[in-house]
Amino acid sequence: MFHSSIGLLHWRKLAKFFLPPSLISRMAKVLGFLVLALSVLICEAAIFKPISDSHRSAALELFTPAHGSLSSLEETYEALRTFEVLGIKKQPDQRAATCATVVDTLSSPTSALKDLFQALRVNGLLNCELNKKTFAGIAPRLKDAVKSASSLLDYYYSVGSLVLIKGLNSDVDVHLESADSVVRTIKALSQSDGRWRYSSNNPESSTYAAGIALESLAGVISLASSEIDQSLISMVRNDISKLLDGLEKYDDGVYYFDEKLADAHGHQGPLSASSAVVRGITAFAAVSAENLNLPGDKILGLARFLLGAGVPGNAKDLYYQIEALASLENNRVSIPLILSLPTSVLSLTRKDQLKVSVNTVLGAAAPSLTVKLKQIFSSGSKDASVIDQDLKFEHKNAVHYLDALPKDIDVGSYIFTFEIVLHDSEHKMIYATGGRTKVPIYVTGVIKVDNAEISVLDSDLGNIETRKKLDLAGKNSISLSANHLQKLQLLFQLTSPLGHALKPHQAFLKLSHESKVEHIFVVGNSGKQFEIILDFLGLVEQFFYLSGRYDIQLTVGDAVMENSFLQPLGSVALDLPEAPEKAARPPPQAVDPSSRFGPKAEIAHIFRAPEKRPPSNLSYAFLALVLLPFVGFLVGLLRLRVNLKNFPTASAPAAFAILFHLAIAAVLSLYSLFWLELNLFTTLKALGFLGIFLLFVGHRTLSHLASTSAKLKSA
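This one's a predicted model, so the numbers in the text were calculated from it and none came from an experiment.

**Points about the pairing of strand β20 (residues 478-483)**
In summary, the side chains of a regular strand alternate between the two faces of the sheet. Residues Ile 478, Leu 480 and Ala 482 of β20 are buried on one face, while the alternating residues Ser 479, Ser 481 and Asn 483, pointing to the opposite face, are not. Inspection of the sheet shows β20 paired to strand β27 (residues 565-575) by 6 bridges, in the parallel sense. Looking across to β27, one finds that Asn 483 is bridged to Asp 575.

Structure, rendered in structure tokens:
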């Protein structure tokens, strides 16, 4: 099933354009035919199931408050209403905070009509502590809003609020004195096709607006202080009939309203438009004195559309779906009954029983009825076998079942046609069964594979030079050899459980060269057996003149084949002629991502043996020769009678003098590092910074010494 009504409609529209056989053949070569065949079959008929636990799980996920509470009263109502319909008891506890917002909204004289409407709807579900004065205080304001309303939404919010007050507190006077004029004003916005405009200033009509208009009219009728003019009721009934005439339809009995207008209420799609009309029609039918006599097949078709949307992906669509289904669950128009199957795949091997369930849209039990299996259509054929057999009813699981499938049912895809027959004649006026319902059924089984053999044939006379028997249900490791003047032949048979020849969706033979070049061939069906002959003389160019070993692999699969297989058969050693100069080269093979990004192979490196070192005495002697110049430097200082009497004693000059000597030591250390490990560029870069620093502190030190010496001489 699908997760949005838009996706469902687009998918159905695309499926109507059936692909040509040539394209299907090309898709089969890449193993895509199976998906196409299934989608085409599902397009012909679909299975619609009532609301399930997946909707409950989605509701808890989609309506989870982001920061402790939902963003608005509208979203809060949609969440609470969805939980109520789905029977979800465990939900986020936010009653106190929500009721506080409801009280503030209803007590404020500046609250907008929409906010009042949403607050009253939430209060109807939470039963917040509100007294009669609160309702009595806003009722006159809402009545005035009805009199001065200028748009359809104004009527919707004001009338809807009065209806909610009437249901919450019957002591408050909410009756409308001039209900006929209100109905005429709303009716003036209707169009000839049954749709409505939002206001007289807006020429565009909307299906969604028709739904809220019908809800508004139903509210006006319920609030009227006197009986409404029946001619007005008849005109609205006529509008509903016109609206239903504009329904879109599919072959499987699905009806929906397609909304294309982006209006003041926001962009509306098929799901929201269909939901609004369903709510409007059921609301109007609830207050109408006469039966609307609407076609049950269209009501059932709308229910199928709503269920066919699957589990919507956002909270708003989920609310639209659930609220509309709740309106259909118990209404005065027609209650749809949904026929569904626990499984649409039956195995002949396991002797599965055909089981059918009939429920309301929300999964409630259906009234007493009988399900008849009327016809069975084979896939791709218009001819049908007439069955007309009643299914037995199992009270414990509330399912209708068939003891055994008809004896002539073999593996394949079928369309089963069912009919629901109500036992009580009065129920025919209450429930909509939709006549005959078509459901796709897949019958599967184990396929027998016989007479499998592979041979090497002589190219001229077709004589068999080598023949090998194959066991396609077990393991095979045959080894063949051939040249370009020979052929390779593969034969096998597929038999269904009833002994009929089976033509699977996919049967491919793949030859893979040592260089990873692959060639895939479709195995043809010649009567009762499958056969493929590869003439190597005509395939040398396709094989790129590559001689060597080719692994052989056979793939046979089908949706109804329980023992589909992908079987390695062995290999064939091909001896092909040398490639001409201008022959095509094999295509470059795709690089395996694991080889590019995966772990690399471990590199084992053997270091060379270290050079023989000189004797330790010689090393010590060399060290002594290296240190001899430094010793000579120290001796020279002593001979020159160097002393520290001129070292500055003041704090600042002394600091510069210390930094000067440290900078000289750093330069000498840098020279040592250059000798040991640094390169020339790194050394010059560091020396540049040290040189600037040494120049600065040295200048300050020498300037101090010069000034001190000048003072001594002048003294």
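Read on for the rest.
**Section: the sheet that holds strand β18 (residues 448-458)**
The strand order across the open sheet built from 5 strands is β19-β18-β21-β25-β24, with neighbouring strands paired in antiparallel fashion. Two strands close off the open sheet at either side, each with one partner strand: β19 (464-469) and β24 (524-526). The average angle at which neighbouring strand axes cross in this sheet is 25°, direction not considered. Summarising the sheet, β18 and strand β21 (residues 486-495) pair through 9 bridges and their orientation is antiparallel. Residue pairing across strands places Glu 453 opposite Leu 491, the latter belonging to β21.

**Examining unusual backbone geometry**
One non-glycine residue, Asn 293, lies in positive phi territory at about 55°. For Asn 293, the position within the fold is in the loop between α13 (270-287) and α14 (296-308). A relative accessible area of 60% places Asn 293 in the exposed class. In the Ramachandran plot, Asp 388 falls in the positive-phi region, its phi being about 50° despite a non-glycine side chain. One can find Asp 388 in strand β12 (residues 384-390). Accessibility expressed as a relative area gives 44% for Asp 388, which makes it partly exposed.

**Section: the state of the cysteines**
Using the criterion set out here, one finds 1 disulfide in the structure. Here Cys 99 is linked by a disulfide to Cys 128, with a sulfur-sulfur distance of 2.1 Å. What sets the handedness of the Cys 99 and Cys 128 disulfide is the S-S torsion sign, and at about -80° it is left-handed. Of this pair, Cys 99 sits in helix α6 (residues 95-107) while Cys 128 is found in the loop between α7 (113-126) and α8 (132-148), placing the two residues 29 residues apart along the sequence. Overall, Cys 99 belongs to the buried group, its relative accessible area being 9%. According to the relative accessible area criterion, Cys 128 is buried, its value standing at 8%.

**Observations concerning the packing of aromatic side chains**
Using the criterion set out here, one finds 16 aromatic pairs in the structure. Both rings, one in Tyr 250 and one in Tyr 256, keep their centres 5.8 Å apart while their planes meet at 10°; by these two values the pair is stacked. Per residue, the accessibility class of Tyr 250 equals that of Tyr 256, and both read buried. Taken together, the ring pairs connect Tyr 77, Tyr 208, Tyr 319 and Tyr 320 into an aromatic cluster. For the cation-ring pair, Lys 438 lies above Phe 377, with the distance from its terminal atom to the ring centre recorded as 5.5 Å.

**Quick word on empty space enclosed by the protein**
All told, the structure shown has 2 cavities of 30 Å³ or more when counted by the stated rule. Here the largest cavity is characterised by a volume of approximately 60 Å³. Counting only elements with at least two residues in the lining of the largest cavity, the list comes to α14, β8 (338-340) and β17 (436-444). No other element matches β17, which puts 3 residues into the lining of the largest cavity. When the residues that make up the lining of the largest cavity are grouped by side-chain class, the tally is 8 nonpolar, 1 polar and 2 charged. What the second largest cavity holds in volume is close to 40 Å³.

**Comments concerning the pattern of salt bridges**
Where charged atoms from two side chains of opposite charge come close, those side chains can pair. All chains considered together, the criterion is met by 23 salt bridges. Note that Lys 143 is salt-bridged to Asp 173, the shortest N-O span being 3.4 Å. Of this pair, Lys 143 sits in helix α8 while Asp 173 sits in the loop between α9 (152-168) and α10 (179-187), and the two are 30 residues apart along the sequence. On the basis of relative accessible area, Lys 143 is assigned to the buried category, the value being 18%. Relative accessible area serves as the criterion here: at 45%, Asp 173 is assigned to the partly exposed category. With a closest N to O distance of 3.6 Å, Arg 467 and Glu 453 form a salt bridge. Taken together, the residues Arg 467 in strand β19 and Glu 453 in strand β18 connect sequence positions 14 residues apart. Residue Arg 467 is classed as partly exposed on the basis of its relative accessible area, which comes to 46%. The exposure class assigned to Glu 453 is buried, which follows from its relative accessible area of 11%.

**Quick word on the packing of α10 against helix α12 (residues 230-245)**
Contact geometry of α10 with α12 gives a least axis separation of 11 Å together with a crossing angle of 25°. It follows from the interaxial angle that α10 and α12 lie roughly parallel. Crossing of α10 against α12: the hand is left-handed. Only Leu 232, Met 235, Val 236 and Asp 239 of α12 make contact with α10, whose side of the interface consists of Asp 180, Val 183, Arg 184 and Lys 187. Looking at the contact of α10 with α12, its residues break down into 4 nonpolar, no polar and 4 charged.

**Points about the nonpolar core**
Among the nonpolar cores identified, the biggest contains 104 residues, and Ile 186, Trp 196, Ile 240, Ile 281 and Phe 284 are the most heavily contacted of them. For this core, the element with the highest residue contribution is helix α11 (residues 207-223), accounting for 11 residues. When neighbours within four sequence positions are excluded, Ile 281 is seen to be in contact with Leu 214, Ile 240, Leu 244, Leu 292, Leu 294 and Val 333. Core analysis: the next-biggest nonpolar cluster, separate from the first, contains 43 residues, Val 411, Ile 454, Leu 490 and Phe 530 among them.

**What to know about the pairing of strand β14 (residues 399-402)**
Side chains Val 399 and Tyr 401 project from β14 onto one buried face, and the interleaved His 400 and Leu 402 project onto a second face that is buried too. Bridging between strand β10 (residues 354-359) and β14 involves 3 bridges; their strand directions are antiparallel. Of the residues in β14, the one forming a bridge with Val 356 is His 400. In this structure, strand β13 (residues 392-394) lies alongside β14, joined through 3 bridges in antiparallel fashion. Within β14, the residue paired with Glu 394 across the bridge is Val 399. In textbook terms, the turn of a hairpin is the stretch between consecutive antiparallel strands, and for β13 and β14 this stretch comprises 4 residues, one of which, Ala 398, has a positive phi near 55°.

**What about α12?**
Under the 1.5 Å per step criterion, the end-to-end length of α12 is 23 Å for 16 residues, consistent within 8% with the ideal 22 Å. Along α12, the residues classified as buried are Leu 232, Ile 233, Val 236, Asp 239, Ile 240, Leu 243 and Leu 244. Across the axial projection of α12, the buried residues extend over an arc of 135°, all falling on one side. If you follow the buried residues of α12, they end up packed against α10, β1 (196-197), α11, α13 and α14.

**A look at the sheet that holds β8**
The strand order across the open sheet formed by 4 strands is β8-β10-β14-β13, and the pairing between neighbours is antiparallel. Each of the sheet's edge strands pairs with one partner strand only, and the pair in question is β8 and β13. Neighbouring strand axes in the sheet, compared pairwise and without regard to direction, differ in orientation by 30° on average.

**Observations regarding the environment of Leu 142**
Along the chain, Leu 142 turns up in helix α8. Sequence spacing of Leu 142 and Val 159 is 17 residues, and the spatial spacing of their C-alpha atoms is 7.5 Å. Setting aside residues up to four positions removed in sequence, Leu 142 forms contacts with Leu 113, Leu 116, Ser 158, Ser 161, Leu 162 and Ile 165.

Cut-offs used in this document
Residues numbered from 1 in each chain as written. Predicted model: local features only at pLDDT ≥ 70, side-chain atom pairs only at ≥ 80, totals over all residues. Heavy atoms only, no water. Buried < 20%, exposed > 50% of the residue type's maximum accessible area, 1.4 Å probe, protein only. Helix = DSSP H or I, 4+ residues; strand = E, 2+ residues; numbered from the N terminus. Pairing = 2+ DSSP bridges. Axes fitted to C-alpha atoms, helices over the stretch in contact; angles between N-to-C directions. Disulfide = S-S within 2.5 Å. Phe/Tyr/Trp six-rings, centres within 6.5 Å; stacked < 30°, edge-to-face > 60°. Lys NZ or Arg CZ within 6 Å of the ring centre and 35° of its normal. 1 Å grid on protein atoms, 1.4 Å probe; cavity = no way out; pocket = protein on both sides within 12 Å on 5 of 7 lines; lining within 4 Å. Points joined across faces, edges and corners; volume = space filled by probe spheres on them. Nonpolar A, V, L, I, M, F, W, Y, C, P; charged D, E, K, R; others polar. Salt bridge = Lys/Arg side-chain N within 4 Å of Asp/Glu carboxyl O. Parallel < 35°, antiparallel > 145°, perpendicular 65-115°, else oblique. Left-handed = near helix turned anticlockwise from the far one by under 90°. Contact = heavy atoms within 4.5 Å. Core = buried A, V, L, I, M, F, W, Y, C linked by side-chain atoms within 4.5 Å. Expected span 1.5 Å × (residues − 1). Arc of directions from axis to C-beta.

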